[in-house]
Structure formats: structure tokens, C-alpha cells
Amino acid sequence: MDLSAINPVLLIASLMVAATPLLLAAIGELVVERAGVLNLGVEGMMIIGAIAGFAIAVETTSPMVGLVAAMIAGAVLSLLFAFLTQFALANQVASGLALTLFGLGLSALMGQSYVGIKPPAMAKLDIPVLSDIPVLGPILFSHDPVLYIGISLTAAVWWFLKKSRGGLILRAVGESHDAAHALGYNVIRVRILAIMFGGACAGLGGAYISLIRVPQWTEGMTAGVGWIALALVVFASWKPWRVLLGAYLFGGINVLQLNLQAAGIAIPVEYLAMSPYLITILVLVIMSADKSGAPASLGRTFHASQ
Amino acid sequence: MIALEKRPTPSRALSLATPLIAVAITMIMGGLLFSVLGKNPFEAIRTIFWDPVLGEFAFYYRPQLLVKAAPLVLIAIGLSLGFKAGIWNIGAEGQYIMGAICGAAVGLAVYPTETRLIFPLMIVAGALGGWAWGMIPALLKVRFGTNEILVSLMLVYVADQLLASMSLGLLRNPEGMGFPGSRNFSDYPAANSWINEAAGLHWGMAFAFIAVIFSYFLLNRHILGFNIRLTGEAPRAARFAGVNPTRLVLFCLGTSGALAGLAGLFEVSGPSGQVNIDFASGYGFTAIIVAFLGRLHPVGILLAALLMALTYVGGDLAQGNLGLPSAAIQVFQGMLLFFLLALDLLTNYRVVFKKKGAA
């Protein structure tokens, strides 16, 4: 075992890369849940985003176009969920599961001809002077643009929920859809918009994995990141900045266990690979005691007649 | 203007008809999907749904239907108990893997002893393995209020890694020349789940039938089943009636875990034959579709599992004969659940045409 092979600067830099898909998916789901909707289809929307982004990026040779396509794909898939839960009044848990099962199948079907292809590379944001600073440069200033989008999105969502009128309406819908309806707000429309935002974010997160983090397409490559994102929202008590913190924590654990695998530590690879999932459970147990942050209408179906 | 009016009670006729309508719509949409993929839709549908049952070589495929349906029935029966009470175990895949590992480990530990006691012991170990894996989310839920959906799902990934570790390490065949995977149970008659391999009959089928009957009586004739249904339909009323939610969570997750574990054990000691990296085949997730398609009713689940087994067997056939990608079947199964959930609206609500402004 050679722990000195692990470079702390590179570790932190790759931690930020590993955390970004989680952050994107979780911040989207946070908005959805604040509107009172529990969408368990994050994993499905991510994997659809991953393949749609990958395919479009390969066909157009532009990773940027791919990322936009991934967002659209995620949002379109989330519309299916929106239709089921908001118009057909179906159970949200079952509909979310259906979305994930469908997304995993569809992505495998779409991705058949893209296995083993290398996608066009995403240019890193190389800021001339700043990225040459010894330690801070590689950590803070030489990443791909999406990573910064993720962080600014967190700030934007925080501002929207906390400071804007739209955010107030969204939270009202999530806390008590009957009261919001009585005040004249269109509960269904607010929820559909939130669901689509969540879908676009999950799609972007998925494409980040297939285009930037890995970059390659393999079947089922999101490997539970969407589910960890759902857990992350609980961990964060539905607060945006805590999502960022949690995503970096999970990213750190994942990068660390990969580094330990590479360094040849005495623990078998399989046990290291299960650590992110076990830690997710542990975190859920610790955070579940406090449910005060949960939106009061979370997971309840709204129909104006009731 | 079209409006929805909640029915006082769900329509019984529609509740029986919607699965059939959903299957019909899925076939039409699936046909469209197949034609987009460049296959003749009618030939594809016939290959998937007709040939394995009534086609020329059906004698070969019918046993396979039973082999695929048995684990689906076992798992889905367990899941349906929880789903009825609003307890969502979606980690059946993990419980299935753990049942297989534990059951197989007992059998392999005493290899090559030949006594009649081995297989019953393996069954107990398989059920216990799945039960224990299901009890983790159950205990965390009742003790700490942890979400059972996320915990049970995380445990699938953990079980997957354990499976890899077992087939490369502890349970690896010592005479396997370094290949991953355990000894094959087909060389070990005392620990084999086949009753009649040619007819596709193994002990999993027998247990599936017992589970169906057991669950039917539980839900319709026993106070525990009544409590499960009551909790799902009116949680507040259930609490006033003195239903103990803790016991219900432990019972539902434990039972579904044990049944999934049994499914894993019968699979590993029969059709699959050995503990190996690629043993997990997604039955635990497909069983969720089976449970919903069967309307969470024991007999419905039996029929739904046969239909879903048909899509597996027919899908394989279509893959071989028509070059239909196997992922297309997965999409097909996912679509089925979508249509089913969407059509459920008609069971619980009435569509009425109103004049505008007459509210």
C-alpha cells in the first residue's frame, strides 16, 4: 500500500468533479420536493440525460449542444411523471419508480450504438493567471464550466426560494396545496414547472457523468447516483447550501475510496465500493430524527375537488 | 368542459379491466416502438406473445415460462403486502441476492455430503438471509424513522458488491481453475431445487403457489391482512382502531424479504446453478411491475407474473429470431407500468362533461 501516491490537491479537484452530478440532480429534486412533489424517478431522468447528451454530443461534435439536449431530454421525461401524478392523479411513489425503470430500459436501447465511442472533449475553463496559482489554481480555477454552473445554480435556487415572490408561491404550494389553491395560485402549473426543472437538472447531471466525468457510455452508468441525490435532499433538510455541502461530502467519500482502491489498500475492492451506499444509509439514519424541514404536502396528491 | 369526479368507491369492473386495457395499449405502443427499430411490429408481437405459448416450438418455451414466473410471483406477493399498507420495499433485488448467497453458502459448506436434510436447511437459510436484509430498512424505519425506500434501495448496491466479493472469494469453486463463481449445484443432487427440469418444475413453483394461497387468506380472512388494508386506505382510522404500525412495518418488510430470499435460493440452486457475478437479473425490480399489474391481489399477481415471464421468454426469442435488442423488452415493461398507472385514474374517478362555469 502506498498512500503517498494520493495527491491531496488532485484529490480535492477530483472531489469537486465527482460531486457535481450529485449536486445538479439533488438541487433539482430539492425544488421539486419544496413544491410538494416526491419524484423518485431521478435515476431514470439522469440516465436518459446521460445517453441523450452523449449521443447528441457525438453527432454534433459539440459537448455544449449535448448538455443542452440532456436537459431537454430530462425535462421531457419528467413531463411523463408530471402527467401521471398531476393529471392522472397516480401515486407518486409508483410513478417515480415507473420513470426509473422506463428510463433505464430506454437508455440501454438508445445507447446500443454508442458503446465504446469517445465523446468530444469539453474544454476546461483555463483562466490565465488564476489557474497557475500553486494549490488554489488546480482546485478552484481549472475545471469545466458545468462545475461552476452547478455552484451558481445552488446560489440561484437559494435566492429564488428565499428572496423571490415565485419562490414564496412554490413553497406555499409545497406546504399546503389547499391554502395555495384557495389563494388563487395554480397548484398544478407550479408543480409541473418544478418537476420540469428537476428533470432538466437531473438530465444535466447525467450528461455530466457520461460526457465529462467518465467520459464514455456504458449501460446503467449512473449506478445509483440519482438515488443518492434523493437521500442528499433529506440529508440537507431541504436547504440548498446544505445540498452543496452534502454533495461535496459524498463526492469526497467516493473519490477517496477510488483512490484507496488504486493505492492497493488491504480492504477488498468490493467492500470499498459499497462504502458510499453504506454511508448514505448512515447519514439517512442520523438525519431522519429531524423531519421539521420537510414540506408539509410532500407526496400528497392534489385535486381541486377534495 | 371535462372534469373529474371522485367515485365514492373505486369501480370494481374497471379495476379488473384496466390491467387488460393497459396490456393492449402497451402492445400497440410496443408495436410502434418495434417498427421504429426497423422490425415488423406484427411479427415481433407474435414472436413475443404467441410463439412461446402456442407456437411450433412452444413445448420448449412453456417450461421456461414457469421458471421465470416463479421468482416473480414469490417476490411480488411479498411486495404487495407492503405496498397495500404504504410500506415501500423496493430493494427486493438485494434481498433476492442475499437469500441466494446465504442459502448457497449452507449447501456449499457441507459439500459433498448427501442427505435429505441439506435442501430444507438451505431453504431456511435463504429465507433468513432475505429476511435479515429486509429487516435492516424495517428496523431503521421503526427506530429512527428512516425512509425505507432509500435504505432498501441502497442495500441493493451493497448486496451487489457482496455478491461479487462472494463469487470471487469465499464461495469460489476451489476446483474452478480461478474462474469466478461457486460450485455448480447441478452436480450436487442433494442441494438441487429441480423437481423435474424438463418440465421446468422446481421447488420455487411450489412455494410460489403456497405464497399465493397464504397471502389470499391473510388478506381476506385474517385480522392482520385487514389491518394491512386498513393502514393503506385510511392510516388515521387504523391508528384509532389500535393497529400497531411498528409491527406492521416489521411484518411487511420481513415477509417480503424472506420471500425474495426464497426466490433467490431456488434460482441459485436450480435454473442459475451457481453464485456468480452476473447472478442478479433484475427480478426484484420487475416484480414491482408484476405487483402493480396484478392489482396487489394474489391471483392477479400470479397471472401478471406469467405475462411478465412471457415478455422475458418471448423477448429472448425475438432477440434470437428478429434481432430485437433485449433493452426493448425492458422499455416495453416500463411502458406497461406507465399505462397502468395512468389508467388507474378511471378506477378512482369518473370523467364527467360539464358546461363551462357551472361549478
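J.: Tell me about the overall build of chain B, residues and numbers included.
T.: The number of helices and strands found in chain B is 14 helices and 4 strands. The globule rule puts the C-alpha radius of gyration for 359 residues at 21 Å, and the 22 Å found for chain B is close to it. Of all 359 residues assigned to chain B, the portion counted as buried reaches 53%. Taking the intrachain contacts of chain B between residues at least 6 apart in sequence as the baseline, contacts between residues at least 24 apart amount to 79%.

J.: Can you explain the overall build of chain A? Please cite residues and give values.
T.: A tally of regular secondary structure across chain A gives 13 helices and 0 strands. In terms of overall dimensions, chain A is globule-like: its C-alpha atoms have a radius of gyration of 20 Å, near the 19 Å expected for 306 residues. For chain A, the C-alpha atoms occupy an extent of roughly 65 × 45 × 40 Å along the three principal directions. Evaluated residue by residue, chain A yields a buried proportion of 50% over its 306 residues. In chain A, the proportion of contacts linking residues at least 24 apart, taken out of those at least 6 apart, comes to 79%.

J.: Help me get a handle on the interface of chain A and chain B, residues and values and all.
T.: Counting residues at the interface gives 40 residues for chain A, matched by 40 residues for chain B. Where the side of chain A that touches chain B is concerned, the elements lending two or more residues are α3 (63–87), α4 (92–110), α10 (225–235), α12 (269–273) and α13 (275–287) of chain A. With 12 residues, the top contributor of residues to the side of chain A that touches chain B is α4(A).

J.: Please provide a residue-by-residue account of helix α7 (residues 148–168) of chain B, values included.
T.: Relative to the 30 Å expected for 21 residues at 1.5 Å per residue, α7(B) spans 30 Å between its end C-alpha atoms, a close match to the ideal helical length. Counting buried positions along α7(B) gives 19 out of 21 residues, so the element sits mostly inside the fold.

J.: Quick rundown of the packing of helix α4 (residues 58–84) of chain B against helix α12 (residues 283–293) of chain B? Include the residues and the values.
T.: Residues and elements named next belong to chain B. α12 packs onto α4 with a crossing angle of 60° between their chain directions and a minimal axis gap of 8 Å. Judged by the angle between their axes, α4 and α12 are oblique. Relative to α12, α4 is oriented so that their crossing is right-handed. Between α4 and α12, the contacting residues are Pro 71, Leu 72, Ile 75, Ala 76, Leu 79, Ser 80 and Phe 83 on the first element and Tyr 283, Gly 284, Thr 286, Ala 287, Ile 288, Val 290 and Ala 291 on the second.

J.: So what about the confidence of the model for chain B? Which residues, and what values?
T.: Predicted confidence across chain B gives a mean pLDDT of 86, with 98% of residues reaching 70 or more. Model confidence for the complex is summarised by a pTM of 0.88, with the ipTM given as 0.85.

J.: Provide a residue-level description of the pairing of strand β4 (residues 349–353) of chain B, including the pertinent values.
T.: Residue and element names in this part refer to chain B. Judged by how many residues are buried, β4 sits mostly at the surface: 0 of 5 residues are covered. Bridge count between strand β1 (residues 2–6) and β4: 5 bridges; the pairing is antiparallel. Pairing of Lys 6 across the sheet is with Tyr 349, part of β4.

J.: Which residues make up the nonpolar core, and what values do they have?
T.: Counting 219 residues, the largest nonpolar core has A:Leu232, B:Val73 and B:Ile75 as the members making the most contacts within it. Per element, the largest residue contribution to this core is 16 residues, and it comes from helix α9 (residues 187–213) of chain A. Beyond its immediate sequence surroundings of up to four residues, A:Leu232 is in contact with A:Leu22, A:Ala26, A:Val243, A:Gly246, A:Ala247 and A:Phe250.

J.: Account for helix α9 (residues 223–233) of chain B, naming residues and giving values.
T.: Residues and elements named next belong to chain B. Inspection of α9 places Asn 227, Ile 228 and Thr 231 among the buried residues, and these make up the whole buried set. With its buried residues spanning 105° around the axis, α9 presents them on a single face. Residues of α9 that are buried sit in contact with α4, α10 (235–240) and α11 (245–268).

J.: Requested: an account of the packing of helix α1 (residues 8–34) of chain A against helix α11 (residues 240–263) of chain A, with residues and values cited.
T.: All names here are of chain A. At a minimum axis separation of 7 Å, α1 and α11 run at an interaxial angle of 135°. What the angle tells us is that α1 and α11 run oblique. Taken as a pair, α1 and α11 cross one another with a handedness that is right-handed. On α11, the residues that touch Leu 11, Ser 14, Leu 15, Met 16, Ala 18, Ala 19, Leu 22, Leu 23, Ala 26, Ile 27 and Leu 30 of α1 are Pro 240, Val 243, Leu 244, Ala 247, Tyr 248, Phe 250, Gly 251, Gly 252, Asn 254, Val 255 and Asn 259.

J.: Pulling in residues and values, what's your account of unusual backbone geometry?
T.: Residues and elements named next belong to chain A. At Thr 61, a position not held by glycine, the phi torsion is positive, near 55°. Looking at the secondary structure, you find Thr 61 in the loop between α2 (42–60) and α3. Of note, the phi angle at Leu 89 is positive, near 55°, even though the residue is not glycine. With respect to the element layout, Leu 89 can be found in the loop between α3 and α4. Note on Leu 89: 20 C-beta atoms within 10 Å, which makes it buried.

J.: Account for the environment of A:Leu298, naming residues and giving values.
T.: Residues and elements named next belong to chain A. Here Leu 298 is to be found in the segment after α13. Put simply, Leu 298 and Tyr 208 are 90 residues apart on the chain and 28 Å apart in space, counted from C-alpha to C-alpha. Leaving out residues up to four positions away in the same chain, Leu 298 has contacts with Glu 33, Gly 36, Leu 38 and Gly 174.

J.: Can you break down the environment of B:Ser186 residue by residue, with the values?
T.: Residues and elements named next belong to chain B. Relative to the helices and strands, Ser 186 resides in the loop between α7 and β2 (194–196). It is 7.6 Å that separates the C-alpha atoms of Ser 186 and Ser 269, two residues lying 83 residues apart in sequence. In contact with Ser 186, other than residues within four places in its own chain, are Asn 192 and Gly 273.

The rules we used
- Residue indices follow the written sequence of each chain, beginning from 1 at its first position.
- Going through the entries in the order they are written, you letter the chains from A and number the ligands from 1.
- Given that the model is predicted, a residue must reach a pLDDT of at least 70 before its local features are reported, and side-chain atom pairs must reach 80 or more before they are shown or counted; all residues, however, enter totals for whole chains, interfaces and linings.
- Numbered from the N terminus, helices here are DSSP runs of H or I no shorter than four residues, and strands are runs of E no shorter than two.
- Here the globule rule is a power law, 2.2 Å times the number of residues to the power 0.38, and the radius of gyration is based on C-alpha atoms.
- Residue burial here comes from a neighbour count, namely the number of other C-beta atoms, placed from the backbone, that lie within 10 Å of the residue's own C-beta, with 20 or more meaning buried, 12 or fewer meaning exposed, and in between meaning partly exposed.
- A residue pair is marked as a contact if its C-beta atoms, positioned from the backbone, fall within 7 Å.
- In this analysis, the expected span of each helix is defined as 1.5 Å times one less than the number of residues it contains.
- Between N-to-C directions, angles cover 0 to 180 degrees, with each direction set by a line fitted to C-alpha atoms, over the stretch in contact for helices.
- To sort the angles, those under 35 degrees are grouped as roughly parallel, those over 145 as roughly antiparallel, those from 65 to 115 as roughly perpendicular, and the leftovers as oblique.
- The crossing is said to be left-handed when, going from far helix to near helix, the turn is anticlockwise and less than a right angle, and right-handed when the turn is clockwise.
- The predictor rates its confidence in each residue with pLDDT, a number between 0 and 100.
- Strands are treated as partners if at least two bridges between them are detected by DSSP.
- As used throughout, a nonpolar core is a set of buried Ala, Val, Leu, Ile, Met, Phe, Trp, Tyr and Cys residues joined through C-beta atoms within 7 Å of each other.
- This arc is built from the directions going out from the helix axis to the C-beta atoms.

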